[in-house]
Amino acid sequence: MKWNLRMVAAQRDIWRPTELLAAFRTVGFSPSLSKTSALWGGNPVTVRLDDLDMICAALECTVEDLMRAEPVATHVESSEGEVAQAAGEVPSPRSGQVRPLPRRDGPRRLMPPN
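Calculation notes
Residues numbered from 1 in each chain as written. Predicted model: local features only at pLDDT ≥ 70, side-chain atom pairs only at ≥ 80, totals over all residues. Heavy atoms only, no water. Helix = DSSP H or I, 4+ residues; strand = E, 2+ residues; numbered from the N terminus. Contact = heavy atoms within 4.5 Å. Phe/Tyr/Trp six-rings, centres within 6.5 Å; stacked < 30°, edge-to-face > 60°. Buried < 20%, exposed > 50% of the residue type's maximum accessible area, 1.4 Å probe, protein only. Axes fitted to C-alpha atoms, helices over the stretch in contact; angles between N-to-C directions. Parallel < 35°, antiparallel > 145°, perpendicular 65-115°, else oblique. Left-handed = near helix turned anticlockwise from the far one by under 90°. Nonpolar A, V, L, I, M, F, W, Y, C, P; charged D, E, K, R; others polar.

1. Here we look at the side chain of asparagine 4
Part 1 of the reasoning: Structurally, asparagine 4 can be placed in the loop between β1 (2-3) and α1 (5-11).
Part 2 of the reasoning: Excluding anything up to four places from it in sequence, asparagine 4 contacts Asp65, Leu66 and Arg68.

2. Observations concerning the packing of aromatic side chains
Part 1 of the reasoning: All told, the structure shown has 1 aromatic pair when counted by the stated rule.
Part 2 of the reasoning: Taking the centre distance of 5.1 Å and the plane angle of 55° together, the rings of phenylalanine 24 and phenylalanine 29 count as tilted.
Part 3 of the reasoning: Judged by relative accessible area, which is 9%, phenylalanine 29 ranks as buried.

3. What about the packing of helix α2 (residues 17-26) against helix α3 (residues 33-41)?
Part 1 of the reasoning: One way to put it is that α2 packs onto α3 with a least axis distance of 9 Å and a crossing angle of 115°. Accordingly, the angle class assigned to the pair α2 and α3 is roughly perpendicular. Helix-helix and strand crossings are classified by hand; for α2 and α3 the assignment is right-handed. Packed against α2, whose contacting residues are Pro17, Thr18, Leu20, Leu21 and Phe24, the element α3 presents Leu33, Thr36, Ser37 and Trp40 at the interface.
Part 2 of the reasoning: Across the contact of α2 with α3, the residue classes tally to 6 nonpolar, 3 polar and no charged.

Here it is as structure tokens:
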């Protein structure tokens, strides 16, 4: 998803996070300036639905205006191990891969301080 808050705000002649915060307050939404700046400056990982509704009300836009679906970037996998890792599976060990060896002097035991 592409976050288009700055573009939507610019279309409403809002150019700074403080101006955006003032627009939010007109509809009764009062996030902190740091939260507003985070929404303004990047792609938020999550946005509460209540907050999203208030953002849309303040900017007189729709959710579709704020968030645009983008196609998922795919690339050709060169080996089945990469395909398995992309699918979240653990690849099977192959010859040539480095595997950890157990300690030769036994397991490490920590002694309490005296």
